[in-house]
Amino acid sequence: MREVQIESIETTIVDLPTIRPHHLSMAVMRNQTMVIVRLFCSDGIEGLGEATTIGGLSYGDESPEGMKLTIDTYVLPLLQGKSALSVNALMSLLDHHIKGNYFVKSAIETALLDAQGKRLGVTVSDLLGGAVSRTLPVLWTLASGDTSKDIQEAQEFIANGRHNTFKLKIGRNDPKVDIAHVVAIKKGVGPDIKVTVDINQAWSESVAKQGITLLQDAGIDLIEQPIVKTNFDGLARLTQYFRVPIMADEAAGTVSDAFKLAKIGGGSVFALKIAKSGGLINIQKQAAIAQGAGISLYGGTMLEGTIGTVASAQVFSTIPTLDWGTELFGPLLLTDDIVKNRISYGNGVLEIPEGPGLGVELDMNQVEKYKRK
Ligand code: MUC
Ligand code: MG
């Protein structure tokens, strides 16, 4: 293939309102902020990427404003003029010169893969070895902050068939109050509907032991990140102690985190997220570690918009052992979108766009409307 250079990278901060407040243990979201990456190449091809976190700096180490600055100031000078054709070479260059900054690296790698897919006329999942499925199961997170509103929301989605599994966010209140909320919702949706609970690191290990006992008795299907992400040994103890599966989310950040957790049995499920791991290719490495250790997989979200969600879907579609489905509902939490072709959701699944590349096109009028002024 003839030489193709990276010419420039443009970053835009976009703020989109959420359809309702979204309550997590560490933040209440009323809008979602995305850094949209456009990577321009000398053959006229443009790759898209998205760097998104949750609640400013309350979830991860990188903020939207900081991610834009990192790309503009540090990533662009490293990549400008380099061959766009080897994503592995470019990502290894970034890893050599930029420590951490996984959310940024994920957005850049997404844009490189999107450009390369468009160039070759194939999907991003084709570049990653090929999809094993063209659809992915998608749950919905109930987090309005109000128990009866959550039950009503769930019943609406069960009735119209959009979702058949729900994740509850707790950890903001006294554990007794939170557990009563979970029990009420579990009763409200009935025994045939799967319910999972994400504590987002809010409990100490001893509170977790009491709390998970009650959640397990209530018939909850999966417990996500109950304790602080750095307590790998504690996660292993809880995994061993309980019958209900324990999922590592924040703890299972990078490839090396996945390896360390797998070695000690920290979690019987890993939540994969392209932002935590620094890109799509690292997701496949984490999946291989999990597969080798007999750990189940779940396709997680950083509540990205359509670009980040499709990027995640493209790589998750290549994993044959995604036993727990996905939570790739990010675009549905937003009142509007900045792409021309939205993701199609229904019957509990999403459809993976056909490409080429990600298969997503920006609507520049919408970007203009929602870009931070
Ligand atoms: C998380 O920790 O899982 C995923 C779904 C949701 O509502 O929040 C995110 C974060
Ligand atoms: Mg989580």
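Up top you'll find the structure we're talking about.
Let us look at the structure shown here.

Calculation notes
Residues numbered from 1 in each chain as written. Chains lettered and ligands numbered in written order. Predicted model: local features only at pLDDT ≥ 70, side-chain atom pairs only at ≥ 80, totals over all residues. Heavy atoms only, no water. Near = heavy atom within 4 Å. Polar contact = N/O pair within 3.5 Å; in protein donor to acceptor, adjacent residues only side chain to side chain. Areas by Shrake-Rupley, 256 points an atom, 1.4 Å probe, with all protein chains shown as cover. Nonpolar A, V, L, I, M, F, W, Y, C, P; charged D, E, K, R; others polar. Domains from an automatic or database assignment. Bend = angle between axes of the 7 residues up to and from the residue. Helix = DSSP H or I, 4+ residues; strand = E, 2+ residues; numbered from the N terminus. Buried < 20%, exposed > 50% of the residue type's maximum accessible area, 1.4 Å probe, protein only. Contact = heavy atoms within 4.5 Å. Phe/Tyr/Trp six-rings, centres within 6.5 Å; stacked < 30°, edge-to-face > 60°. Lys NZ or Arg CZ within 6 Å of the ring centre and 35° of its normal. Axes fitted to C-alpha atoms, helices over the stretch in contact; angles between N-to-C directions. Parallel < 35°, antiparallel > 145°, perpendicular 65-115°, else oblique. Left-handed = near helix turned anticlockwise from the far one by under 90°. Core = buried A, V, L, I, M, F, W, Y, C linked by side-chain atoms within 4.5 Å.

### Quick notes on the site of ligand 1
Then comes step 1: Close to ligand 1 lie 16 residues, the nearest being His22, Tyr59, Lys167, Asn200 and Asp249.
Then comes step 2: Take histidine 22: an N or O atom from its side chain is 2.8 Å from an oxygen atom of ligand 1.
Then comes step 3: In this structure, an oxygen atom belonging to ligand 1 sits 3.3 Å away from a side-chain N or O atom of threonine 141.
Then comes step 4: Across the complex, the protein chains shield 100% of the 280 Å² of accessible surface that ligand 1 would expose by itself.
Then comes step 5: In terms of residue class, the shell around ligand 1 is built from 5 nonpolar, 4 polar and 7 charged.
Then comes step 6: Mapped onto the domain boundaries, the shell around ligand 1 takes at least three residues apiece from domain 1 (6-121 + 363-370) and domain 2 (127-351).

### Observations concerning helix H1 (residues 64-79)
Then comes step 1: In the structure, H1 departs most strongly from a straight axis at isoleucine 71, where the bend amounts to approximately 35°.
Then comes step 2: Along H1, the residues that are buried comprise Pro64, Met67, Thr70, Ile71, Val75, Leu76, Leu78 and Leu79.
Then comes step 3: Where H1 is buried, its residues meet strand E1 (6-23), strand E2 (28-41), strand E3 (46-52), helix H2 (87-97) and helix H3 (102-120).
Then comes step 4: One or two steps after H1, the chain reaches glycine 81, where phi turns positive at roughly 85°.

### Points about the packing of aromatic side chains
Then comes step 1: Following the criterion strictly, the structure yields 3 aromatic pairs and no others.
Then comes step 2: Between tryptophan 140 and phenylalanine 157, the ring centres sit 5.1 Å apart and the planes meet at 70°, which makes this aromatic pair edge-to-face. One end of the pair, tryptophan 140, is in strand E5 (residues 140-142); the other, phenylalanine 157, is in helix H5 (residues 147-159), with 17 residues separating them in the sequence.
Then comes step 3: Relative accessible area serves as the criterion here: at 8%, phenylalanine 157 is assigned to the buried category.
Then comes step 4: With a centroid separation of 4.9 Å and 85° between ring planes, the pair formed by tyrosine 241 and phenylalanine 242 is classed as edge-to-face.
Then comes step 5: Here the aromatic residues Trp140, Phe157 and Phe329 are joined through ring pairs into a cluster of three or more.
Then comes step 6: Directly above the aromatic system of tryptophan 324 lies the positively charged group of lysine 194, at a separation of 5.1 Å from the ring centroid.
Then comes step 7: Across from the ring centre of tyrosine 241, 4.2 Å away, lies the NZ or CZ of lysine 209, which sits over that ring.

### Section: the packing of H1 against H2
Then comes step 1: In contact at an axis separation of 10 Å, H1 and H2 are set at 135° when each is read in the N-to-C sense. If you check the angle between H1 and H2, you find them oblique. Seen along the crossing, H1 lies across H2 with a hand that is right-handed. Residues Val75, Leu78 and Leu79 of H1 form the contact with H2, whose participating residues are Leu90, Leu93, Leu94 and His97.
Then comes step 2: Grouping the amino acids of the contact of H1 with H2 by side-chain chemistry returns 6 nonpolar, 1 polar and no charged.

### Notes on the nonpolar core
Then comes step 1: Counting 121 residues, the largest nonpolar core has Ile9, Val75, Ile108, Ile212, Phe270, Phe316 and Leu350 as the members making the most contacts within it.
Then comes step 2: Top contributing element to this core by residue count: H3, with 8 residues.
Then comes step 3: Both domain 1 (6-121 + 363-370) and domain 2 (127-351) contribute no fewer than three residues apiece to this core.
Then comes step 4: Beyond its immediate stretch of four places on either side in the chain, isoleucine 108 contacts Ile9, Val37, Ile71, Val75, Leu79 and Leu94.

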